[in-house]
Amino acid sequence: MKILPNEPCRCGSGVKYKKCCRIFHGGTEPQKPEDLVKARYCAYASGNAQYIVHTTHPKGAHFQSDMDRWKSEILRFSKVTEFLGLEIQNSESGSNDDEFWVTFHVELQQFDKDASFTERSRFRREEGRWLYYDGELLKDASEEKGEANAESSV
Ligand SMILES: [Zn+2]
């Protein structure tokens, strides 16, 4: 799903793509890891596999050496997923100035099923660039409250 410059940005900022994540996709480095979360979400939503690869830490858990395979996996994920929303919930400094944690929730749907998740992601700064290092999945608050089943009970 390609995104046009004047479309609302898929990160949910309410701003046109050309004034939002396209700036980062075009090569400007996000100064804040939160902006990188938005730009990566938008890249997933618009099938920009190159940006995901470009902003993944080479020593991180998700880096793959087979670029072609990795990119086609990203594209497949983009294709089968509906990106319904991103919410940044928390951000924390890490153990040093070059580490930062961002907790975010994404609303996703795959094959008519809820595929939403909440992740606490770690970012590391490498030569002045923030990169996605790794992350842990958190239990969704909505799951705990049983809201995940709300639809079927209506
Ligand atoms: Zn955006």
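Coordinates for the structure precede this section.
I will try to describe carefully the structure that is included in this document. (Residues numbered from 1 in each chain as written. Predicted model: local features only at pLDDT ≥ 70, side-chain atom pairs only at ≥ 80, totals over all residues.)

### So, the overall build of the chain
Move 1: The helix and strand inventory of the chain stands at six helices and five strands.
Move 2: When the helices and strands of the chain are read in sequence order from the N terminus, they spell out α-α-α-α-β-β-β-β-β-α-α.
Move 3: For 154 residues, the compact-globule estimate of 2.2 N^0.38 gives 15 Å, and the chain sits close to it at 16 Å.
Move 4: Counting only C-alpha atoms, the chain reaches 50 × 35 × 35 Å along its principal axes.
Move 5: Burial statistics for the chain: of 154 residues in total, 25% are counted as buried.
Move 6: Pairs at least 24 residues apart make up 42% of the contacts formed inside the chain by residues separated by at least 6 positions. (Helix = DSSP H or I, 4+ residues; strand = E, 2+ residues; numbered from the N terminus. Rg over C-alpha atoms; globule rule 2.2 N^0.38 Å. Buried ≥ 20, exposed ≤ 12 C-beta atoms within 10 Å, placed from the backbone. Contact = placed C-beta atoms within 7 Å.)

### Quick notes on helix 2 (residues 33-45)
Move 1: For helix 2, which comprises 13 residues, the first-to-last C-alpha distance of 18 Å matches the rise-based estimate of 18 Å (1.5 Å per residue) to within 8%.
Move 2: When you tally the buried positions in helix 2, you get 12 out of 13 residues, the bulk of the element.
Move 3: Every buried residue belonging to helix 2 is among P33, D35, L36, V37, K38, A39, R40, Y41, C42, A43, Y44 and A45, and all of these are buried.
Move 4: Positive phi appears at G47, one or two residues downstream of helix 2, with a value of about 65 degrees. (Expected span 1.5 Å × (residues − 1).)

### Here's the deal with the environment of S72
Move 1: One can find S72 in helix 4 (residues 67-80).
Move 2: Taking the C-alpha atoms as reference, S72 lies 9.9 Å from G47; in sequence the two are 25 residues apart.

### Points about the pairing of strand 2 (residues 99-110)
A regular strand places its side chains on the two faces of the sheet in alternate fashion.
Move 1: Here strand 1 (residues 81-93) runs beside strand 2; their pairing, made up of 11 bridges, is antiparallel. Bridging across to strand 2, F83 finds its partner in L108.
Move 2: Turn length for the strand 1-strand 2 hairpin, with the two strands adjacent in sequence and antiparallel, is five residues.
Move 3: Sheet analysis places strand 2 next to strand 4 (residues 117-126), joined by eight bridges and oriented antiparallel. Each residue of the ladder has a partner; that of E99, found in strand 4, is R124. (Pairing = 2+ DSSP bridges.)

### Some points on unusual backbone geometry
Move 1: Its identity as a non-glycine residue notwithstanding, D112 has a phi of 65 degrees, on the positive side.
Move 2: Considering the arrangement of structural elements, one finds D112 in the loop between strand 2 and strand 3 (113-114).
Move 3: With 6 C-beta atoms packed within 10 Å, D112 lands in the exposed category.
Move 4: Phi is positive for E127, which is not a glycine, with a value near 50 degrees.
Move 5: Secondary-structure assignment places E127 in the loop between strand 4 and strand 5 (129-138).

### Here's the deal with the environment of K79
Move 1: Along the polypeptide, K79 turns up in helix 4.
Move 2: Taking the C-alpha atoms as reference, K79 lies 9.4 Å from Q110; in sequence the two are 31 residues apart.

### With respect to helix 4
What sets the pattern is the α-helix's 3.6 residues per turn: residues three or four places apart point alike.
Move 1: With 14 residues, helix 4 ought to run about 20 Å at 1.5 Å a step, and its terminal C-alpha atoms sit 20 Å apart, in line with that.
Move 2: Counting buried positions along helix 4 yields one of 14 residues, so the element is predominantly exposed.

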